[in-house]
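# Residue-level structure breakdown
Each chain, written out:
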Amino acid sequence: MENVVAKLQELVATWGLKVLAAILIVVIGRLVAKLVRELVARLMRRSKVDETLISFVGSLCYIGLMAFVLIAALDKLGVHTASFVGIIAAAGLAIGLALQGSLANFAAGVLMIIFKPFKVGDFVEAAGTGGIVEEIEIFTTRLKTPDNKTIIIPNAKLTGDNIVNFSAKDTRRVDLVAGVSYTDDLQKVKQVLQELVAADARVLKDPEPTIAVSELADSSVNFVVRPWVNKDDYWNVYFGLTEAIKRRFDQEGISIPFPQQDVHLFQSGQAG
């Protein structure tokens, strides 16, 4: 009996302190991991980072720190942790290779959230399509097309190509081309176009609109009409001015030519 008690005392003396140290490591390590997660979240909020990214990065820091804490606790108990580290490294490599496409989308999502090439509500063209940004997520971005279709684009495709943000600036230039006949009076045409642009209250005075002959085409003399407008008025001015030009040209007798070909027929002498 005395031998059993002595053995128990020896085990308690040997393992008790180790178990207590391991528990302390876990408890203190967990508190430190929580503090680090809160500190990271606070710093990211000061930088006005998206809440989705804040939550993800905070969780990633917490999980990573807790993994080190558990390995330290197991090492304190005398468990050989070298094999665990090797297994974790191998698993991380395998997961990274299997999810390399997803990781690329994640990295692209993080970059977009940090650098903000566009925001929700902007109209953009990217990855071969265009639409209004509805939602920016970690792996994908959701667009709504003008005809009310939803397009979900992987973030890696967005950042791997040119991004055209039509909503980034407060003003936009409307680019119109008006073709007239070679027989029309160019000065009169220019005056009519200037009057139409000046009559539209949505057209900005600064910068001044550009109205000029741009091309002597095959069938027409082409004028460029380039007024500046607020971005919200772009399409209304585009469609309205196009219609107004056609109506006014009809009233003024200014012709809008269309491509045409003259066909000449020659009659050859019949063989006798």
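Below: a short report on this structure. (Residues numbered from 1 in each chain as written. Predicted model: local features only at pLDDT ≥ 70, side-chain atom pairs only at ≥ 80, totals over all residues. Heavy atoms only, no water.)

## Considering the pattern of salt bridges
In total, this model carries 10 salt bridges according to the counting rule given. For E135, the salt bridge goes to R142, with nearest N and O atoms at 3.8 Å. According to the relative accessible area criterion, E135 is partly exposed, its value standing at 36%. Residue R142 is classed as partly exposed on the basis of its relative accessible area, which comes to 27%. Measuring nitrogen to oxygen at the nearest pair gives 3.6 Å for the salt bridge that ties K149 to D147. Where salt bridges share partners, they join K188, E195, R248 and E252 into one cluster. (Salt bridge = Lys/Arg side-chain N within 4 Å of Asp/Glu carboxyl O. Buried < 20%, exposed > 50% of the residue type's maximum accessible area, 1.4 Å probe, protein only.)

## Side note on a nonpolar patch on the surface
Residues L17, V19, L20, I23, L24, V27, I28, L31 and V32 make up a contiguous nonpolar surface patch of roughly 810 Å² in combined accessible area. Looking at where I23 falls in the secondary structure, it is placed in helix α1 (residues 2-46). (Patch = residues over 30% accessible without salt bridge, like charges linked within 9 Å, V, L, I, M, F, W, Y side chains within 5 Å. Areas by Shrake-Rupley, 256 points an atom, 1.4 Å probe, with all protein chains shown as cover. Helix = DSSP H or I, 4+ residues; strand = E, 2+ residues; numbered from the N terminus.)

## Looking at the environment of D175
Within the element layout of this structure, D175 appears in the loop between β6 (171-173) and β7 (176-180). Each C-alpha atom of the pair D175 and Y238 lies 8.0 Å from the other, and the pair is 63 residues apart in sequence. Apart from residues lying up to four places away in sequence, D175 is in contact with V225, R226 and Y238. In terms of polar contacts, D175 uses its side chain to reach the side chain of R173, at 2.8 Å. (Contact = heavy atoms within 4.5 Å. Polar contact = N/O pair within 3.5 Å; in protein donor to acceptor, adjacent residues only side chain to side chain.)

## Comments concerning the sheet that holds strand β8 (residues 210-216)
With respect to topology, 3 strands assemble into an open sheet ordered β7-β9-β8, the strand pairing being antiparallel. Looking at which strands have only one partner, the edges of the open sheet turn out to be β7 and β8. Strand-to-strand twist of the sheet, defined as the mean angle between neighbouring strand axes without regard to direction, takes the value 30°. As paired strands, β7 and strand β9 (residues 221-226) are joined by 5 bridges and run antiparallel to one another. (Pairing = 2+ DSSP bridges. Axes fitted to C-alpha atoms, helices over the stretch in contact; angles between N-to-C directions.)

## Observations concerning the packing of aromatic side chains
Applying the stated criterion to the full structure yields 6 aromatic pairs. Ring geometry for Y234 against W235: centres 4.9 Å apart, planes inclined by 90°, an arrangement best described as edge-to-face. Note on Y234 and Y238: the rings are 6.2 Å apart at their centroids and 25° apart in plane angle, and the pair reads as stacked. In this pair, Y234 and Y238 both sit in helix α7 (residues 234-252), 4 residues apart, roughly one turn of the helix. Clustering of aromatic rings is evident, with ring pairs tying together Y234, W235, Y238 and F239. In this structure, R37 is placed above the aromatic ring of Y62, and the distance from its NZ or CZ to the ring centre is 4.5 Å. Sitting over the ring of Y234, R172 keeps its end group 3.7 Å from the ring centre. (Phe/Tyr/Trp six-rings, centres within 6.5 Å; stacked < 30°, edge-to-face > 60°. Lys NZ or Arg CZ within 6 Å of the ring centre and 35° of its normal.)

## Section: the packing of helix α6 (residues 186-199) against α7
Taken N-terminus to C-terminus, the directions of α6 and α7 make an angle of 135°; their axes are 10 Å apart at the nearest point. Considering their axes alone, α6 and α7 lie oblique with respect to each other. The hand of the α6/α7 crossing is right-handed. Here K188, V189, V192, L193, E195, L196 and V197 of α6 come into contact with α7, specifically with L241, A244, I245, R248, F249 and E252. Looking at the contact of α6 with α7 residue by residue, the classes come out as 9 nonpolar, no polar and 4 charged. (Parallel < 35°, antiparallel > 145°, perpendicular 65-115°, else oblique. Left-handed = near helix turned anticlockwise from the far one by under 90°. Nonpolar A, V, L, I, M, F, W, Y, C, P; charged D, E, K, R; others polar.)

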